[in-house]
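Listed below are the residues making up each chain.
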Amino acid sequence: KAGVTQTPRYLIKTRGQQVTLSCSPISGHRSVSWYQQTPGQGLQFLFEYFSETQRNKGNFPGRFSGRQFSNSRSEMNVSTLELGDSALYLCASSLNTRLAGSSYEQYFGPGTRLTVT
Amino acid sequence: KNEVEQSPQNLTAQEGEFITINCSYSVGISALHWLQQHPGGGIVSLFMLSSGKKKHGRLIATINIQEKHSSLHITASHPRDSAVYICAGDNYGQNFVFGPGTRLSVLP
């Protein structure tokens, strides 16, 4: 079974631009979560999607948005990029949401490394 | 004070040693996750636990809900265990709060 894939793997953008990152979950998985990892802040939760609905969102400004399609693939978008948005963006997929309790298990993709200049 | 803290920040061990990484949290959580991140960034989810103890191979994770503390133990450590270990508190499915990570180096 193929793992979680993220595209692109590396991206360089300029301040003020916008960017869209893509995540394809493991086949059959309906939940996709997004995370940001920076040297200063570490890992931070961005949002979780399940069955095309955003279930919850971390403490990020409205410039960060996402969506999930009917095939469970997910995209996240960052508008008006800032230097501080430079980070590794990770997505993870799971069969169900974290509310499922002990059966929850998430699988991470390799990440997209975004550099904003 | 961070909501999730880990100790030690860095740890160097000799192959075969027993290793303990600690995680303490100040927020209410429904579950505690342990993650492993290898150089290059790939993350593997090791455990999710809400009570007691779980074991997988040489890895053991425990949690004490009353004391708001969790530990990750590695028995018979091996150089391939070298990675950053991160604990994360799951706030009833609403949010994830991550610790800063513990960087482990196991020397042959």
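Residues numbered from 1 in each chain as written. Chains lettered and ligands numbered in written order. Predicted model: local features only at pLDDT ≥ 70, side-chain atom pairs only at ≥ 80, totals over all residues. Heavy atoms only, no water.

### Details of the overall build of chain A
Within chain A, the regular secondary structure consists of zero helices and eleven strands. N-terminal to C-terminal, the α/β element order of chain A is β-β-β-β-β-β-β-β-β-β-β. Taken over C-alpha atoms, the radius of gyration comes to 14 Å for chain A, in line with the 13 Å a tight globule of 117 residues would show. Counting only C-alpha atoms and orienting by the principal axes, one finds that chain A spans roughly 40 × 25 × 25 Å. The proportion of buried residues among the 117 residues of chain A is 49%. (Helix = DSSP H or I, 4+ residues; strand = E, 2+ residues; numbered from the N terminus. Rg over C-alpha atoms; globule rule 2.2 N^0.38 Å. Buried < 20%, exposed > 50% of the residue type's maximum accessible area, 1.4 Å probe, protein only.)

### Some details on the packing of aromatic side chains
Throughout the structure, instances matching the rule amount to eight aromatic pairs over all chains. With a centroid separation of 5.6 Å and an interplanar angle of 35 degrees, the aromatic rings of A:Tyr35 and A:Phe108 are classed as tilted. Linking A:Tyr35 in strand 4 (residues 31-38) with A:Phe108 in strand 10 (residues 107-108), this pair joins segments that are 73 residues apart in sequence. The class of A:Tyr35 is buried, set by a relative accessible area of 0%. Centre to centre, the rings of A:Phe47 and A:Tyr49 are 5.7 Å apart; their planes meet at 70 degrees, and the pair counts as edge-to-face. Taking the relative accessible area as the measure of exposure, A:Tyr49 reaches 4% and is therefore buried. Here the aromatic cluster, defined as three or more aromatic residues joined through ring pairs, consists of A:Tyr35, A:Phe45, A:Phe108, B:Phe96 and B:Phe98. (Phe/Tyr/Trp six-rings, centres within 6.5 Å; stacked < 30°, edge-to-face > 60°.)

### Quick look at the pairing of strand 6 (residues 52-56) of chain B
Counting buried positions along strand 6 of chain B yields zero of five residues, so the element is predominantly exposed. What sits between the antiparallel neighbours strand 6 of chain B and strand 7 (residues 59-64) of chain B is a turn of two residues, in which B:Gly57 has the positive phi angle 65 degrees. (Pairing = 2+ DSSP bridges.)

### A closer look at the state of the cysteines
All names here are of chain A. Under the criterion given, the structure shown has two disulfides over all chains. Between Cys 23 and Cys 91 runs a disulfide, and the two sulfur atoms are separated by 1.9 Å. Looking along the S-S bond of the Cys 23-Cys 91 disulfide, the torsion reads about 70 degrees, which is the right-handed sense. Within this pair, whereas Cys 23 is found in strand 3 (residues 19-24), its partner Cys 91 is found in strand 9 (residues 87-94), the two being separated by 68 residues in sequence. Across the pair, exposure class does not vary: Cys 23 and Cys 91 are buried alike. (Disulfide = S-S within 2.5 Å.)

### Points about the interface of chain B and chain A
Frequently, the measure chosen for interface size is the accessible area removed from exposure when the parts meet. Counting residues at the interface gives 15 residues for chain B, matched by 17 residues for chain A. Summing both partners gives a buried area of about 1,400 Å² for chain B against chain A, and 59% of it is carried by carbon and sulfur. Viewed at the interface, chain A and chain B are joined by zero salt bridges. Summed over the shared surface of chain B and chain A, the number is one residue pair in polar contact (both at pLDDT 80 or more). Across the side of chain B that touches chain A, the residue classes tally to seven nonpolar, seven polar and one charged. (Contact = heavy atoms within 4.5 Å. Buried area = accessible area lost by both parts, 1.4 Å probe. Salt bridge = Lys/Arg side-chain N within 4 Å of Asp/Glu carboxyl O. Polar contact = N/O pair within 3.5 Å; in protein donor to acceptor, adjacent residues only side chain to side chain. Nonpolar A, V, L, I, M, F, W, Y, C, P; charged D, E, K, R; others polar.)

### With respect to the confidence of the model for chain B
Here chain B averages 93 in pLDDT, and 99% of its residues register 70 or above. Between the elements of chain B, mean pLDDT differs from a low of 91, seen in strand 10 (residues 96-98) of chain B, to a high of 98, seen in strand 8 (residues 69-74) of chain B. (pLDDT = per-residue confidence, 0-100.)

### Re the nonpolar core
If you look at the biggest cluster of nonpolar residues, it comprises 24 residues, and the most contacted ones within it are B:Ile19, B:Leu32, B:Trp34, B:Leu46, B:Phe47, B:Leu72 and B:Tyr85. Mapped onto this core, the elements with two or more residues apiece are strand 3 (19-25), strand 4 (31-37), strand 5 (43-49), strand 7, strand 8, strand 9 (83-90) and strand 11 (102-107) of chain B. When residues in this core are grouped by element, the largest group, four residues, is from strand 3 of chain B. Non-local contacts of B:Phe47, meaning those with residues more than four positions away in its chain, are made with B:Leu32, B:His33, B:Trp34, B:Lys54, B:Lys55, B:His56, B:Leu59, B:Ile60, B:Ala61 and B:Leu72. A:Val4, A:Phe60, A:Met76 and A:Val78 belong to the second-largest nonpolar core, a separate cluster that totals 21 residues. (Core = buried A, V, L, I, M, F, W, Y, C linked by side-chain atoms within 4.5 Å.)

### What about the sheet that holds strand 7 (residues 64-68) of chain A?
Residues and elements named next belong to chain A. One open sheet holds the four strands; their spatial order is 1-3-8-7, and the pairing between them is antiparallel. Bordering the open sheet on either side are strand 1 (5-7) and strand 7, each of which pairs with just one other strand. Ignoring which end each strand starts from, the neighbouring axes of this sheet average 20 degrees apart. Of the pairings in the sheet, the one linking strand 1 to strand 3 comprises three bridges and is antiparallel in character. In the sheet register, Thr 7 faces strand 3, and the bridge partner there is Ser 22. (Axes fitted to C-alpha atoms, helices over the stretch in contact; angles between N-to-C directions.)

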